[in-house]
Amino acid sequence: MKDLSHIAQSVHASTTLTIDAMFKQMKADGVDVIGFGAGEPDFDTPEHIKNAAIAAIKDNFTRYTPTPGIMDLRQAAADRLKADCGVSYEPTQIVVASGAKHSLYIALRTLVNPGDEVILPAPYWVSYRELIEMVGAVPVIVTAGEAEDFKLTAAKLEAAITPKTKAIILNNPSNPTGMMYSREDLIALTDICVRHDLYIIADEIYYRLVYDGAVFTSIPSLSPEVKEHTILVNGVSKSYAMTGWRIGYAAANGKIAKVMSNYLSHSTSAPCSIAQKAAVAALCGPQEGIRAMQAAFQERRDYLVSRMNRIPGVSCIKPQGAFYVMMNIRPLVGTTLHGVKIESADDFADALLKFGLVAVVPCGGFGAPDFVRWSYATSMENIKAGLDRLEKFFAEG
Ligand SMILES: Cc1ncc(COP(=O)(O)O)c(C=O)c1O
């Protein structure tokens, strides 16, 4: 038989989903394991959102909708971006897709040709690299270390640009680091992008999950030139605990929005009609649920960070957003724990899962080989027990 597509075969399984699957399998097998791999809020979707979906079904709102989404939802997304991010889009500039991940894929499809370079700051969310490669483009990884708060600097960005550079992906606040760019940071980076005529894919899916009163700046709000160069990606998954509903959206200039919509029309068509109605309720309804979720996340982050930094051998910096903490395991590399030689974050995560019964995500696949990611989208009780286990793992190792 002829070989399968090279591009498709080079796609790796998602590390985050792999760990999550192992964790779920161990749980199903009755093993008492605690998981810190989750990339989704552990809260339930609010009642008024669920009720909107139930009403949609009862009203037989169950047929195809226009490809880029129902006008109510495009208007609701535009209104929310205006209210929360200070950026104005016409509803026709909003393109709804089946999750923000799909919006990112379509954004890349729309912008790049095979062989184009896309700058990707590391640590990066594992899917970005695969998505770039899936469209035949070349990821140019620029590492932003812990000493730089995991934030790309203007100098590093400028140095990575070549005549083939077409775009950059900026994720703010970041998965996996939880770090947030300030307005000044973003001005410095986006000035360079505009000067070199680069497109910016701004993934702002965690924008509501920021702590300590930090002020979030949305990239397209910086200037009309920056806005023109940006495809903004957002969605309801993280802010409204709606990961399973699969609604994301992109906002961009009219030409980009049209191309994205055309591409969608021949791939998925519109997202689920019922989930679209639920997303309208999420974006237009009461927003108090987000504040409660934010407060719970902040309390968990504070506990996790302060206790982790008291455990010898590991450390972390305090992130301002999302729900992840990067634990530095560099001092452990070369040591032996529970008979396992620790050469990498993968070895550490494996040993911690087997001998400590704690599931964390090794960040080799995120371009950060000395780190493991802890998600605090889990109860305080689990966080306390997980850290007890980490201490015991070291004490007995
Ligand atoms: C940075 C980032 N962007 C996008 C997504 C995907 O969101 P959605 O569930 O809406 O596809 C995730 C999910 O983990 C994420 O972490």
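Before reading on, note that the structure itself is shown above.
Residues numbered from 1 in each chain as written. Predicted model: local features only at pLDDT ≥ 70, side-chain atom pairs only at ≥ 80, totals over all residues. Heavy atoms only, no water.

Draft legend 1. Quick peek at the sheet that holds strand β9 (residues 324-328). Strand order across the open sheet formed by three strands is β9-β14-β13, with antiparallel pairing between neighbours. The open sheet has two edge strands with one neighbour each: β9 and β13 (361-362). Here β13 pairs with strand β14 (residues 371-375) via two bridges, running antiparallel. Within the sheet, the bridge partner assigned to Pro-362 lies in β14 and is Val-372. The strands touched by helix α12 (residues 288-308) within the sheet are β9 and β14, with β9 carrying the most contacts at an inclination of about 5°. Seen against the sheet, helix α13 (residues 345-356) touches β9, β13 and β14 and runs at an angle of roughly 45° to β14. (Pairing = 2+ DSSP bridges. Helix = DSSP H or I, 4+ residues; strand = E, 2+ residues; numbered from the N terminus. Contact = heavy atoms within 4.5 Å. Axes fitted to C-alpha atoms, helices over the stretch in contact; angles between N-to-C directions.)

Draft legend 2. Broad picture of the site of the ligand. Close to the ligand lie 13 residues; Asp-203, Tyr-206, Ser-237, Lys-238 and Arg-246 are nearest. In the model, an oxygen atom of the ligand is placed 2.7 Å from a nitrogen or oxygen of the Tyr-206 side chain. Take Lys-238: an N or O atom from its side chain is 2.6 Å from an oxygen atom of the ligand. Computed on the free molecule, the ligand has an accessible area of 400 Å², of which 93% lies beneath the protein chains in the complex. Of the residues assigned to the shell around the ligand, the class counts are five nonpolar, four polar and four charged. (Near = heavy atom within 4 Å. Polar contact = N/O pair within 3.5 Å; in protein donor to acceptor, adjacent residues only side chain to side chain. Areas by Shrake-Rupley, 256 points an atom, 1.4 Å probe, with all protein chains shown as cover. Nonpolar A, V, L, I, M, F, W, Y, C, P; charged D, E, K, R; others polar.)

Draft legend 3. Region of interest: the pairing of strand β4 (residues 138-143). Bridge count between strand β3 (residues 117-122) and β4: six bridges; the pairing is parallel. Bridge pairing in β4 places Leu-120 opposite Ile-141. Handedness of the β-α-β unit built from β3, helix α6 (residues 126-134) and β4 comes out right-handed. (Right-handed = clockwise from strand over helix to strand, strands pointing away.)

Draft legend 4. Spatial organisation of the pattern of salt bridges. Counted under the stated rule, the structure contains 18 salt bridges. Of the charged contacts in the structure, one is a salt bridge between Lys-151 and Asp-185, with a shortest N-O distance of 3.0 Å. Taken together, the positions of Lys-151 in the loop between β4 and α7 (154-160) and Asp-185 in helix α8 (residues 183-195) put the pair 34 residues apart, joining distant regions of the chain. One salt bridge connects Arg-195 with Glu-158, and the closest N-O pair in it is separated by 3.1 Å. Taken together, the residues span a long stretch of sequence, with Arg-195 in helix α8 and Glu-158 in helix α7 at a distance of 37 residues. Judged by relative accessible area, Glu-158 falls into the partly exposed class, the value being 32%. Here the salt bridges do not stand alone but share partners, grouping Asp-212, Arg-301, Asp-302 and Lys-318 into one network. (Salt bridge = Lys/Arg side-chain N within 4 Å of Asp/Glu carboxyl O. Buried < 20%, exposed > 50% of the residue type's maximum accessible area, 1.4 Å probe, protein only.)

Draft legend 5. Representation of the packing of aromatic side chains. Scanning the entire structure with this criterion turns up 13 aromatic pairs. Aromatic side chains Phe-393 and Phe-394 sit 5.6 Å apart centroid to centroid with 55° between the ring planes, which places their arrangement in the tilted category. For Phe-394, a relative accessible area of 18% puts it in the buried group. Each residue in the set Phe-43, Tyr-206, Phe-297, Phe-323, Tyr-324 and Tyr-376 is aromatic and connected to the rest through ring pairs, giving one cluster. Against the face of Tyr-89 rests Lys-227, its NZ or CZ located 4.6 Å from the ring centre. Positioned above the aromatic ring of Tyr-303, the side-chain terminus of Lys-384 is 5.5 Å from the ring centre. (Phe/Tyr/Trp six-rings, centres within 6.5 Å; stacked < 30°, edge-to-face > 60°. Lys NZ or Arg CZ within 6 Å of the ring centre and 35° of its normal.)

Draft legend 6. Highlighting the sheet that holds β3. Taken together, the seven strands give an open sheet; going across it, the order is β2-β8-β7-β6-β5-β3-β4, and neighbouring strands pair in mixed fashion. Two strands in the sheet have a free side with no partner beyond their single neighbour: β2 (94-97) and β4. Averaged over all neighbouring strand pairs, the angle between strand axes comes to 20°, with direction disregarded. With four bridges connecting them, β2 and strand β8 (residues 248-251) associate as antiparallel partners. The residue of β8 that forms the bridge with Val-95 is Ala-250. Against the sheet, helix α4 (residues 71-85) engages β2, β7 (230-235) and β8, with an angle of about 115° to β2.

Draft legend 7. Examining the nonpolar core more closely. Phe-348 and Trp-374 are the most contacted members of the largest nonpolar core, which has 80 residues in total. A total of seven residues in this core trace back to one element, the largest contributor, which is helix α5 (residues 100-111). In this structure Phe-348 touches Met-327, Ile-329, Leu-332, Leu-337, Ile-342, Val-372, Leu-390, Phe-393 and Phe-394, once residues within four positions along its chain are discounted. Ranked by size, the runner-up nonpolar core spans 52 residues in total, among them Val-140, Leu-170, Leu-222 and Ala-278. (Core = buried A, V, L, I, M, F, W, Y, C linked by side-chain atoms within 4.5 Å.)

Draft legend 8. Region of interest: helix α3 (residues 47-58). Taking 1.5 Å of rise per residue, 12 residues should cover 16 Å, and α3 covers 16 Å from first to last C-alpha, within 8% of that figure. Buried within α3 are the following residues: Ile-49, Ala-52, Ala-53 and Ala-56. Summarising the axial view, the buried residues of α3 lie within an arc of 95°, below the 170-degree limit, and thus occupy one face. When the buried face of α3 is taken as reference, the exposed residues oriented beyond 90 degrees from it are Glu-47 and Lys-58. Taken together, the buried residues of α3 touch α11 (273-284). Two residues or fewer past α3, Asn-60 is found with a positive phi of approximately 60°. (Expected span 1.5 Å × (residues − 1). Arc of directions from axis to C-beta.)

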